[in-house]
Amino acid sequence: GSSGPTQNENVIGLSPFKFFTGVTCVKPKGALYLFPKVDLKRFRFANDEQFVLDLLVNERVLLVPGTGFNYFKDDHFRIVFLPTVEELTLAMNRISRFLDASTIRAKSLEEPLLSPENN
């Protein structure tokens with residue numbers, strides 16, 4: 001048996017979670033799943049259940065909310081890496097797209113505070 005990472009673990013290890021602002025995750029040590037934490041202040045969903053449901057409706061990716069595992073905070077979700085590399089890659093891309101679309105952006109960054117007409 002090999003003690004190195006599986007191909008699926010490599011896909012997850014290079015996942016958008018690692019690089020996406022507002023989502024943090026500890027690298028698993030032998031587990032077949034990840035349990036990322038979502039910074040709820042950065043996104044347009046109130047808790048893990050709304051995140052998982054909105055993701056399913058919008059991107060057709062099914063995750064499990066952390067509260068489904070009796071986790072005491074409502075800001076985690078669980079994703080397994082047992083599917084094929086192709087399925088995982090597709091799912092990770094869809095999750096990344098959904099998180100990007102759900103990010104709360106400051107109005108002041110999108111529109112100038114003072115337009116030339118107001119001066």
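Residues numbered from 1 in each chain as written. Predicted model: local features only at pLDDT ≥ 70, side-chain atom pairs only at ≥ 80, totals over all residues. Heavy atoms only, no water.

Looking at the environment of Phe81
Mapped onto the elements, Phe81 comes out in the loop between strand 5 (77-80) and helix 4 (85-102). In sequence terms Phe81 and Leu34 are 47 residues apart; their C-alpha atoms lie 7.9 Å from each other. (Helix = DSSP H or I, 4+ residues; strand = E, 2+ residues; numbered from the N terminus.)

A few points about a nonpolar patch on the surface
Among the surface-exposed residues, Leu32, Tyr33, Val80 and Leu82 lie close enough to one another that they form a single nonpolar patch of about 360 Å² accessible area. Here Leu32 is to be found in the loop between strand 1 (23-24) and strand 2 (33-34). On the basis of relative accessibility, which here comes to 46%, the residue Leu32 falls in the partly exposed class. (Patch = residues over 30% accessible without salt bridge, like charges linked within 9 Å, V, L, I, M, F, W, Y side chains within 5 Å. Areas by Shrake-Rupley, 256 points an atom, 1.4 Å probe, with all protein chains shown as cover. Salt bridge = Lys/Arg side-chain N within 4 Å of Asp/Glu carboxyl O. Buried < 20%, exposed > 50% of the residue type's maximum accessible area, 1.4 Å probe, protein only.)

Brief notes about unusual backbone geometry
Even without glycine at this site, Arg60 takes up a positive phi of about 60 degrees. Along the chain, Arg60 falls in the loop between helix 3 (48-59) and strand 4 (64-65). Backbone geometry at Asn70 places phi at a positive 60 degrees, although glycine is not the residue there. Along the chain, the position of Asn70 falls in the loop between strand 4 and strand 5. Exposure remark for Asn70: the relative accessible area of 71% places this residue in the exposed category.

Some words on the packing of helix 3 against helix 4
Relative to each other, helix 3 and helix 4 sit at 110 degrees, their axes nearing to 10 Å. Between helix 3 and helix 4, the angle falls in the class roughly perpendicular. Handedness of the helix 3/helix 4 crossing: right-handed. Contacts between helix 3 and helix 4 pair Phe51, Asp54, Leu55, Asn58 and Glu59 from the former with Arg94, Ile95, Arg97, Phe98 and Leu99 from the latter. When its residues are assigned to classes, the contact of helix 3 with helix 4 shows five nonpolar, one polar and four charged. (Axes fitted to C-alpha atoms, helices over the stretch in contact; angles between N-to-C directions. Parallel < 35°, antiparallel > 145°, perpendicular 65-115°, else oblique. Left-handed = near helix turned anticlockwise from the far one by under 90°. Contact = heavy atoms within 4.5 Å. Nonpolar A, V, L, I, M, F, W, Y, C, P; charged D, E, K, R; others polar.)

Take it as geometry only, folks, not as evidence of what the structure does.
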